[in-house]
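Notes for the structure review
Below, each chain spelled out in residue letters.
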Amino acid sequence: MLDSDKLDCLAKAVQDAGTLASSMQCDVHRSFKKDGSVLTEADTAISRMIIDEIRTLFPEAAVISEEEETENNRNADWVFIIDPIDGTDVYSQGLPSFAVSVGVLDRKREPVGAYIAAPRFGIASHSLFVRLDPGKKVFVNGTEMTSAGNKDDVFEITTGSKGPLELDFSAFKGKIRVFGSTILHILAPVLLPAVQGVVVQKCYAWDIASSHAVMKALGMDLEDENGNAFLYTDDFIFGKQKLESILYGGTAAGRAKLRLALPPR
């Protein structure tokens, strides 16, 4: 297992990165990557900061970041997957629903750890920090987390801003929430009592690894439109391939209802 003292250091580094992101937000400048997605100076600064921290704490681990190419041993026991700012577009516009995210996969490519700082996305608090050490319980702002409410009947969901373009909403009669951060979208069914499910479109590994680990630790999961459990392949992780399928998240009963109510167009 990973050393708990070193995980304490990682958790603090992610929280510090969230604080840094918040402090930089008012002066941030938008630029664009080749794929048209937004990039800010905060993305690159936080990416380098967290990569350096993980390399120092866990030199044998593999490290994947959205914003940098890294040399990695694919046979490493642990893979750390970094999204320096998930929700860069909303972040660059001054909105609060962004997150700094580190997910941890074990040797079997199972998502087992999460460190998520959303410094302006407070749940009855000024900020949100989610921590899941591999093999441990989930903690939110230092308190053990449990999922509340009936999650099998899906009335309220989160999804991405391109949901209306990619999903058929004609059979869905519930409510839809869009935050602008896939990490926060996936957290919502386990974090918010009134949200039962999530639909994720065309993601990368850094968009889902951390919050997927939290979801699994609390008895939920992600599956594709055919009902197959989502698995992390080396191409998806190390090749940074974009997943083209739709993913449905929630309880087993909730996912089945979501697949029927919101099929791909």
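Residues numbered from 1 in each chain as written. Predicted model: local features only at pLDDT ≥ 70, side-chain atom pairs only at ≥ 80, totals over all residues. Heavy atoms only, no water.

**So, the side chain of K240**
Mapping K240 onto the fold places it in the loop between α7 (234–237) and β14 (246–250). Its relative accessible area of 15% is what places K240 among the buried residues. At a separation of 3.4 Å, a polar atom in the side chain of K240 contacts the side chain of E69. Setting aside anything within four residues of it in sequence, one finds K240 in contact with I64, S65, E66, E68, E69, Y204, W206 and D235. (Helix = DSSP H or I, 4+ residues; strand = E, 2+ residues; numbered from the N terminus. Buried < 20%, exposed > 50% of the residue type's maximum accessible area, 1.4 Å probe, protein only. Polar contact = N/O pair within 3.5 Å; in protein donor to acceptor, adjacent residues only side chain to side chain. Contact = heavy atoms within 4.5 Å.)

**A short note on the sheet that holds strand β4 (residues 79–86)**
Reading across from one edge, β3-β4-β5-β6-β7-β8-β9 is the order of the 7 strands in this open sheet, with mixed pairing throughout. Either end of the sheet is taken by a strand with one partner, and the two such strands are β3 (62–65) and β9 (143–144). Where strand β5 (residues 99–105) meets strand β6 (residues 111–118), 6 bridges bridge the pair, whose relative direction is antiparallel. By the bridge assignment, V102 is partnered in β6 with Y115. (Pairing = 2+ DSSP bridges.)

**Regarding the packing of aromatic side chains**
This model, assessed by the stated rule, comprises 7 aromatic pairs. Pairing Y91 with F98 gives two aromatic rings, centres 4.7 Å apart and planes at 70°, and the pair type is edge-to-face. Like Y91, the residue F98 is buried in the burial classification. Residues Y232 and F236 carry aromatic rings whose centres are separated by 5.9 Å and whose planes lie at 50° to one another, so their mutual orientation is tilted. Taken as a pair, Y232 and F236 share a single burial class, namely buried. Ring-pair connections join several aromatic residues into one group, and the members of that group are F230, Y232 and F236. (Phe/Tyr/Trp six-rings, centres within 6.5 Å; stacked < 30°, edge-to-face > 60°.)

**A short note on the pairing of β14**
Counting buried positions over the 5 residues of β14 gives 5, a clear majority of the element. Here β14 shows two buried faces, one formed by I246, Y248 and G250 and the other by L247 and G249. Sheet topology note: the strand β13 (residues 221–224)/β14 ladder contains 4 bridges and is antiparallel. When the bridges of β14 are listed, E223 appears paired with Y248.

**Topic: unusual backbone geometry**
We note that R109 has phi near 65°; this positive angle belongs to a residue other than glycine. On the secondary structure map, R109 appears in the loop between β5 and β6. Positioned with a positive phi, N141 is a non-glycine residue whose angle comes to about 50°. Assignment of secondary structure puts N141 in the loop between β8 (138–140) and β9.

**What about the packing of helix α1 (residues 4–24) against helix α2 (residues 41–57)?**
Close contact between α1 and α2 brings their axes to 10 Å; oriented N to C, the two are set at 170°. By the angle between their axes, α1 is roughly antiparallel relative to α2. On α2, the residues that touch K6, C9, L10, A13, D16, A17, L20, A21 and M24 of α1 are E41, A42, I46, M49, I50, E53, I54 and L57. (Axes fitted to C-alpha atoms, helices over the stretch in contact; angles between N-to-C directions. Parallel < 35°, antiparallel > 145°, perpendicular 65-115°, else oblique.)

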